[in-house]
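Structure assessment
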Protein chains: 2
Amino acid sequence: MLLYDIGNTNIKVYHDGKVSIDNSGFFPKEKFYYICVNSAYHDSLAKIENAVNLKEKINLDTNYKGLGVDRAAVCKALDNAVIVDAGSAITVDIMREGKHQGGFIMIGLGAFQQSFATISDALIYTLDEKIDLDAIPQNTEDALNFATFQAVVGAIEKVRGDLPLVFCGGDGKKLVHFFNEASYHDSLVFEGMKKVIEESGC
Amino acid sequence: MLLYDIGNTNIKVYHDGKVSIDNSGFFPKEKFYYICVNSAYHDSLAKIENAVNLKEKINLDTNYKGLGVDRAAVCKALDNAVIVDAGSAITVDIMREGKHQGGFIMIGLGAFQQSFATISDALIYTLDEKIDLDAIPQNTEDALNFATFQAVVGAIEKVRGDLPLVFCGGDGKKLVHFFNEASYHDSLVFEGMKKVIEESGC
């Protein structure tokens, strides 16, 4: 089975259990399934006969208006969890008994860095996920890392409740260690896509 | 008494109890005191004979390395408080019994907006400080406002402890209502500057 997750930064490919990144913009001649949030690819993908857009096939129980297809797909993977997909943006979605309870979107860790640098040259720093969020910062580097990670970690804690916490996306690895009972799954979006294919029979 | 607070976005002027903004870049011929974090003005201000730079006059008890002069000045205003100066960046500093305990720097509310817009056109929103931080968002507009305000509010709560909370800066008015025992002081930086002048006798 061949699955494509086309994001704003990367194109992730799932091929028979293996995940890779292929930003070439070339798509295969065999049948493949995809989700796409990158508008630059919408038109060209729609013209490929062997490409199946899962957007309309996803049946997610939710009251949320305007949920991105990438968030909907990842939510299909787990019935009870707070799911954090940490990329250029960080999406946080709450699933309870198979129903989506809502969620939010934070700017990504790299976006914090870029934003600080835009405000002032004095606010350029290196991300350090070892920052201690229980200590009050005593220098600029720690002050910026504290703000970045506390913003993300605190907002996740705010909505977590009693649910297990599951991270995916490239920056998920930098966040998971801040939490108890949290795990990282590289291919969560593909697990969700496979469930959509199974349910819809497409 | 004539005081100038020269920031990255605005030049704030205190003249005998009244505060105004004057971004003209012209400075008065009479004696005035200033703090400046905008490097574009450093050289020209240094050449003005009647201009007194308070940077070297501020005597703040702290172990923090690299504290900006604007933060140091505002900290001089209060001996026991968490002080939040919310502008293009949001600085948060903790003062206890006249000693600075450390602090952090968050990106400003407008910087969150700009950063989201940079990630995707789908993430353009209007700031809404009436967002309910105890409800899980059910649409994109709420999801982005939740993230923005929870990032800032949550990080402040994390360091607040039992101290009173005092806001200043243009966006302070949008944040103060999220907290109990919190107040807004428009001219806090100038109160700090006056204390520095008094203490140093300059």
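How each quantity is defined
- Residues numbered from 1 in each chain as written.
- Chains lettered and ligands numbered in written order.
- Predicted model: local features only at pLDDT ≥ 70, side-chain atom pairs only at ≥ 80, totals over all residues.
- Heavy atoms only, no water.
- Helix = DSSP H or I, 4+ residues; strand = E, 2+ residues; numbered from the N terminus.
- Rg over C-alpha atoms; globule rule 2.2 N^0.38 Å.
- Buried < 20%, exposed > 50% of the residue type's maximum accessible area, 1.4 Å probe, protein only.
- Contact = heavy atoms within 4.5 Å.
- Areas by Shrake-Rupley, 256 points an atom, 1.4 Å probe, with all protein chains shown as cover.
- Pairing = 2+ DSSP bridges.
- Axes fitted to C-alpha atoms, helices over the stretch in contact; angles between N-to-C directions.
- Least-squares fit on C-alpha atoms with pLDDT ≥ 70 in both.
- Parallel < 35°, antiparallel > 145°, perpendicular 65-115°, else oblique.
- Nonpolar A, V, L, I, M, F, W, Y, C, P; charged D, E, K, R; others polar.
- Arc of directions from axis to C-beta.
- Left-handed = near helix turned anticlockwise from the far one by under 90°.
- Buried area = accessible area lost by both parts, 1.4 Å probe.
- Salt bridge = Lys/Arg side-chain N within 4 Å of Asp/Glu carboxyl O.
- Polar contact = N/O pair within 3.5 Å; in protein donor to acceptor, adjacent residues only side chain to side chain.
- Disulfide = S-S within 2.5 Å.

If you tally the helices and strands in chain A, you get six helices and 11 strands. Whereas a compact globule of 202 residues would reach a radius of gyration of roughly 17 Å, chain A reaches 18 Å, a difference of no more than 12%. Over its C-alpha atoms, taken along the principal directions, chain A stretches across nearly 60 × 40 × 30 Å. Residues classed as buried in chain A amount to 51% of the 202 residues present. Long-range contacts, defined as pairs at least 24 residues apart, comprise 46% of the intrachain contacts of chain A with a sequence gap of at least 6. If you sum the accessible surface of chain A, you get close to 9,300 Å²; carbon and sulfur atoms cover 45% of it.

We now examine the sheet that holds strand β7 (residues 81-86) of chain B. All names here are of chain B. Strand order in the open sheet formed by six strands is β6-β9-β8-β7-β10-β11, with mixed pairing between adjacent strands. Edge positions in the open sheet fall to β6 (61-62) and β11 (182-184), since each of these has one partner strand only. Here eight bridges tie strand β8 (residues 89-96) to strand β9 (residues 99-107), and the two strands are oriented antiparallel to one another. When the sheet's bridge partners are listed, A89 is paired in β9 with I107. This element, helix α4 (residues 140-160), spans β7, β8, β9 and β10 (165-168) of the sheet and lies at about 165 degrees to β9.

Rotating chain A by 180 degrees and moving it 0.0 Å along the rotation axis overlays it on chain B with an RMSD of 0.0 Å. Such a combination of turn and shift is consistent with a two-fold rotation axis. Of the C-alpha atoms belonging to chain A, the one lying closest to the rotation axis is found on A:A151, 2.0 Å away. Here 100% of the interface residues in chain A have copies in chain B that are interface residues too; the copies meet face to matching face.

For the pair helix α4 (residues 140-160) of chain A and α4(B), the least separation of the axes is 8 Å and the interaxial angle reads 105 degrees. Classified by the angle between their axes, α4(A) and α4(B) sit roughly perpendicular to one another. The residues of α4(B) that touch α4(A), namely those facing A:F146, A:Q150, A:A151, A:G154, A:A155, A:K158 and A:V159, are B:F146, B:Q150, B:A151, B:G154, B:A155, B:K158 and B:V159. Looking at side-chain class alone, the contact of α4(A) with α4(B) contains eight nonpolar, four polar and two charged residues.

Attention now moves to helix α3 (residues 109-119) of chain B. Residues and elements named next belong to chain B. Those residues of α3 lying buried are L109, A111, F112, S115, F116 and I119. Take α3 and look down its axis: the buried residues cluster within an arc of 155 degrees, on one side only. Relative to its buried face, α3 has exposed residues pointing more than 90 degrees away, namely Q114 and T118.

Contact pair helix α3 (residues 109-119) of chain A / α3(B): the axes reach a minimum separation of 10 Å and the direction vectors enclose 125 degrees. Relative to α3(B), the element α3(A) lies oblique. Read as a crossing pair, α3(A) and α3(B) show a hand that is right-handed. For the pair α3(A) and α3(B), the contacting residues are A:A111, A:F112, A:S115 and A:I119 in the first and B:A111, B:F112, B:S115 and B:I119 in the second.

Quick look at the interface of chain A and chain B now. Taken together, the 40 residues of chain A in the interface contact 40 residues of chain B. Roughly 3,100 Å² of surface becomes buried between chain A and chain B when both sides are summed, with 66% attributable to carbon and sulfur atoms. Sorting the residues of chain A by area buried against chain B places A:I105, A:I119 and A:Q138 first, and these three jointly supply 18% of that buried surface. At the boundary of chain A and chain B, one finds two salt bridges. In this structure, B:K158 engages A:D134 in a salt bridge whose closest nitrogen and oxygen atoms are separated by 3.0 Å. There are 10 residue pairs in polar contact (both at pLDDT 80 or more) connecting chain A and chain B.

Here we come to the state of the cysteines. All names here are of chain A. This structure, assessed with the given rule, holds zero disulfides over all chains. You can see C75 has no disulfide; the closest cysteine sulfur is in C168, sitting 9.5 Å from it. We classify C75 as buried; its relative accessible area is 0%. No disulfide involves C202; its sulfur sits 16 Å from that of C36, the nearest cysteine.

Here we come to the sheet that holds strand β6 (residues 61-62) of chain A. Residues and elements named next belong to chain A. Within the open sheet, the six strands sit side by side as β6-β9-β8-β7-β10-β11. Their pairing is mixed. Single-partner strands in this sheet number two, and they are β6 and β11 (182-184). In this sheet, strand β8 (residues 89-96) lies alongside strand β7 (residues 81-86) in antiparallel orientation, the contact comprising six bridges. For V84, the partnering residue across the bridge sits in β8 and is V92. In the packing of α4 onto the sheet, the strands contacted are β7, β8, β9 (99-107) and β10 (165-168), and the crossing angle to β9 comes to about 165 degrees.

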